[in-house]
Amino acid sequence: MSSSSAVPAAKPPIRDALVAAAFRLFLERGFEQTTVDDIVALAGVGRRSFFRYFPSKEDVVFPDHEGCLADMTRFLAASGPEHEPVRRVCDAARLVLRMYAENPAFSVQRYRLTRQVPGLRAYELSVVWRYERALAEYLRGRFAGRPDGTLRADVIAAAVVAAHNNALRSWLRSDGVGDAGAAVDHALAYVQMTYARPADTPAVWSGPAGAGPGPAGDVVVLVSRRDAPLWRVVQELETVLDRP
């Protein structure tokens, strides 16, 4: 006869325990009816532990945004002149998507809770504004010295956030079903087509990876209005290239 001893499950870190306890109580009692004392009692820690990790009860609903904002700031700071700025801020927005997609169940749960509590919706707007500000500050640096550089930076940052959030919220409303990445990519493509300027992109497009040059003497000349939006120019070019 052999004997074995069960290994006790490791306790979650205090921060994770507080988040789990908070959401359990929010769902059972409601956000407004749950106090910090209730949360720490269920998590088995003291009030000081709660405020060591979260400045307020609202912050426990968004435990991962501070880290994500820091990641975004580092990502943008590591950008070089070789990075097309509009594409760069779109890639930065995808860091937020990755945070949500890593834990779909929690993200959907938080979305539902936020929709029910006006105070949380206001808090969420402040979080979104901080993301938008980080994107705008990067773009302002890249567009410095251009006509309307600041305006352009702020408008593009707002467009990136709007496109990203439109796709993200559609995914959350579907209970996290489907490919969130594909939906966000589709939405951000509109931003890139509209705002990425030819001067910001390579002068020569080499085609898909590994593709060689076209037939000798194959030249396409496209005439377009100077004030035409980039998405329209790209659309016209694709139409020409698709012709036999």
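Counting starts from 1 at the beginning of each chain's written sequence and moves along it residue by residue. With the structure being a predicted model, the display of local features is reserved for residues of pLDDT at least 70 and the display and counting of side-chain atom pairs for 80 or more, all residues being used for whole-chain, interface and lining totals. Think of the side-chain values as coming from all heavy atoms in the structure, minus any hydrogens and water.

A helix here means a DSSP run of H or I that spans at least four residues, while a strand means a run of E at least two residues long, and both kinds are numbered starting from the N terminus. Each helix and strand counted, the chain has 10 helices and 0 strands in total. Secondary structure elements in the chain, listed N-terminal to C-terminal, are α-α-α-α-α-α-α-α-α-α. Every one of the 244 residues in the chain was classed for burial, and the buried ones make up 36%. Considering only contacts in the chain between residues 6 or more positions apart, those separated by 24 or more positions represent 67%. Using a 1.4 Å probe, accessible areas were evaluated by the Shrake-Rupley method; residue-level cover was limited to the displayed protein chains. For the chain, the accessible area works out to roughly 15100 Å², and carbon and sulfur atoms hold 56% of it. The classification of residues rests on relative accessible area computed with a 1.4 Å probe and restricted to protein chains. Under 20% of the type maximum is buried, over 50% is exposed, and intermediate values are partly exposed. Here a residue-residue contact requires only that any non-hydrogen atoms of the pair lie within 4.5 Å.

Turning to the pattern of salt bridges, a few remarks are in order. Take a side-chain nitrogen of Lys or Arg and a carboxyl oxygen of Asp or Glu: if they are within 4 Å of each other, that pair is a salt bridge. Scanning all chains against the criterion turns up 11 salt bridges. A salt bridge links R130 to E66; the shortest N-O distance between them is 2.6 Å. Note that R130 is positioned in helix 7 (residues 118-142) and E66 in helix 4 (residues 65-77), a separation of 64 residues in sequence. By relative accessible area, which is 30% here, R130 ends up partly exposed. E66 gets classed as partly exposed once you look at its relative accessible area, which sits at 47%. Note that R140 and D154 form a salt bridge whose closest N and O atoms lie 2.8 Å from each other. One end of the pair, R140, is in helix 7; the other, D154, is in helix 8 (residues 149-173), with 14 residues separating them in the sequence. Residue classification places R140 among the partly exposed residues on the basis of a relative accessible area of 39%.

This next bit is on helix 1 (residues 14-29). Because an α-helix completes one turn every 3.6 residues, residues spaced three or four positions apart along the sequence face the same direction. Each helix should span, by expectation, one fewer than its residue count multiplied by 1.5 Å. Helix length check: helix 1 (16 residues) gives 22 Å between terminal C-alpha atoms against 22 Å at 1.5 Å per residue, within 8%. Listed in full, the buried residues belonging to helix 1 are A17, L18, V19, A21, A22, F23, L25 and F26. On its buried face, helix 1 sits against helix 2 (36-43), helix 3 (47-53) and helix 6 (104-116).

All right, on to helix 2 then. All of the buried residues in helix 2 are V36, I39 and V40. One side of helix 2 holds all its buried residues, which, seen down the axis, span an arc of 90°. Lining the buried residues of helix 2 we find helix 1 and helix 3. In the segment just after helix 2, G44 is the residue with positive phi, at about 75°. It is the directions from the helix axis to the C-beta atoms whose arc is reported.

Glancing now at unusual backbone geometry. Phi at D148 takes a positive value of approximately 55°, unusual for a residue other than glycine. Here D148 is to be found in the loop between helix 7 and helix 8. The class of D148 is exposed, set by a relative accessible area of 56%. One non-glycine residue with positive phi stands out, namely D175, at about 65°.

Interaxial distance between helix 5 (residues 85-101) and helix 6 falls to 7 Å at its minimum, and their mutual angle equals 100°. What the angle tells us is that helix 5 and helix 6 run roughly perpendicular. When helix 5 is examined against helix 6, the residues M99, Y100 and A101 are found in contact with a partner set consisting of P104, S107 and R110. For this classification, Asp, Glu, Lys and Arg are treated as charged, while Ala, Val, Leu, Ile, Met, Phe, Trp, Tyr, Cys and Pro are nonpolar and the rest, including Gly, are polar. Grouping the constituent residues of the contact of helix 5 with helix 6 by class yields 4 nonpolar, 1 polar and 1 charged. All axes are obtained by fitting lines to C-alpha atoms, using only the stretch in contact for helices, and the reported angles, taken between N-to-C directions, cover 0 to 180 degrees. To sort the angles, those under 35 degrees are grouped as roughly parallel, those over 145 as roughly antiparallel, those from 65 to 115 as roughly perpendicular, and the leftovers as oblique.

A separate point is the environment of R112. Its location among the elements puts R112 in helix 6. Separated by 61 residues in the primary sequence, R112 and R173 have C-alpha atoms spaced 8.4 Å apart.

Here the aromatic set is Phe, Tyr and Trp, taking the six-membered ring for Trp, and pairing holds for ring centres within 6.5 Å; pairs whose planes are under 30 degrees apart are stacked, those over 60 apart are edge-to-face, and all others are tilted. The tally for this structure, following the rule as stated, stands at 6 aromatic pairs. On the basis of an interplanar angle of 80° and a centroid distance of 5.2 Å, the ring pair of F50 and F51 is categorised as edge-to-face. The exposure class assigned to F50 is buried, which follows from its relative accessible area of 0%. Residue F51 is classed as partly exposed on the basis of its relative accessible area of 38%. The rings of F23, F26, F31 and F106 are connected pair by pair, giving a single aromatic cluster. By the criterion adopted, a ring carries a charge over it if an Arg CZ or a Lys NZ lies within 6 Å of its centre and within 35 degrees of its normal. Between K57 and the ring centre of F31, over which it is positioned, the NZ or CZ distance is 4.3 Å.

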